[in-house]
Amino acid sequence: MADIPVITIDGPSGAGKGTVSKRVAQALHFHYLDSGALYRIVAHQAGRQKLQLDDERGLMQMIPELDIRFHIVKGAGSEPVTRIHVNQEDVTQEIYTEDCGQQASSIAVLHGVRSALLGVQRDFAKPP
């Protein structure tokens, strides 16, 4: 199996990481993953499935069942915009609420959730 190129961008909030990473992904025809959004997705789906945010085992069992897709589309200007689909439903607006962000922070400390999401992140590693 050939090596799969991966580019990661880290930095403080509001520094433009998302914009840069989307543009790089588009220019290089790479797949795009917003790893922070994964925690928001899990929190959102936990609410839909009536799981408690401290139910580590339940959250871990739910994660592999999620079909998560990131789509970069052209925004109003030259800014690329990401649309996030879970199980074929666009959840972009719903996962970027303040409440969902707070819930994501509370599940991000759970070791089992982090491990399960690491597997999801590795699954995103596909050749461009």
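Analysis parameters
Residues numbered from 1 in each chain as written. Predicted model: local features only at pLDDT ≥ 70, side-chain atom pairs only at ≥ 80, totals over all residues. Heavy atoms only, no water. Helix = DSSP H or I, 4+ residues; strand = E, 2+ residues; numbered from the N terminus. Buried < 20%, exposed > 50% of the residue type's maximum accessible area, 1.4 Å probe, protein only. Axes fitted to C-alpha atoms, helices over the stretch in contact; angles between N-to-C directions. Parallel < 35°, antiparallel > 145°, perpendicular 65-115°, else oblique. Contact = heavy atoms within 4.5 Å. Nonpolar A, V, L, I, M, F, W, Y, C, P; charged D, E, K, R; others polar. 1 Å grid on protein atoms, 1.4 Å probe; cavity = no way out; pocket = protein on both sides within 12 Å on 5 of 7 lines; lining within 4 Å. Points joined across faces, edges and corners; volume = space filled by probe spheres on them.

Take unusual backbone geometry next. Even without glycine at this site, His 29 takes up a positive phi of about 60 degrees. Assignment of secondary structure puts His 29 in the loop between helix H1 (17-28) and helix H2 (35-48). One non-glycine residue with positive phi stands out, namely Gln 88, at about 70 degrees. Tracing the backbone through its elements, the reader meets Gln 88 in the loop between strand E2 (80-86) and strand E3 (89-90). Gln 88 sits in the exposed class, given a relative accessible area of 75%.

Turning our eyes to something else, we now look at the packing of H2 against helix H5 (residues 98-107). Running from amino to carboxyl end, H2 crosses H5 at an angle of 100 degrees, the nearest separation of the two axes being 8 Å. In terms of orientation, H2 lies roughly perpendicular with respect to H5. On the side of H2, the interface is formed by Tyr 39, Arg 40, Val 42, Ala 43 and His 44, while H5 contributes Cys 100, Gly 101, Gln 103, Ala 104 and Ile 107. Its residues assigned to classes, the contact of H2 with H5 shows six nonpolar, three polar and one charged.

With that settled, the discussion passes to the layout of surface pockets. Put simply, the largest pocket is a space of about 920 Å³. Taken together, 32 residues line the largest pocket, and the ones lying closest to its centre are Ile 7, Thr 8, Ile 9, Leu 33 and Ser 35. Counting only elements with at least two residues in the lining of the largest pocket, the list comes to H1, H2 and helix H6 (111-123). For the lining of the largest pocket, the element with the highest residue contribution is H1, accounting for five residues. Considered class by class, the residues forming the lining of the largest pocket number 16 nonpolar, eleven polar and five charged.

By themselves, these are just geometric observations and shouldn't be taken as functional.
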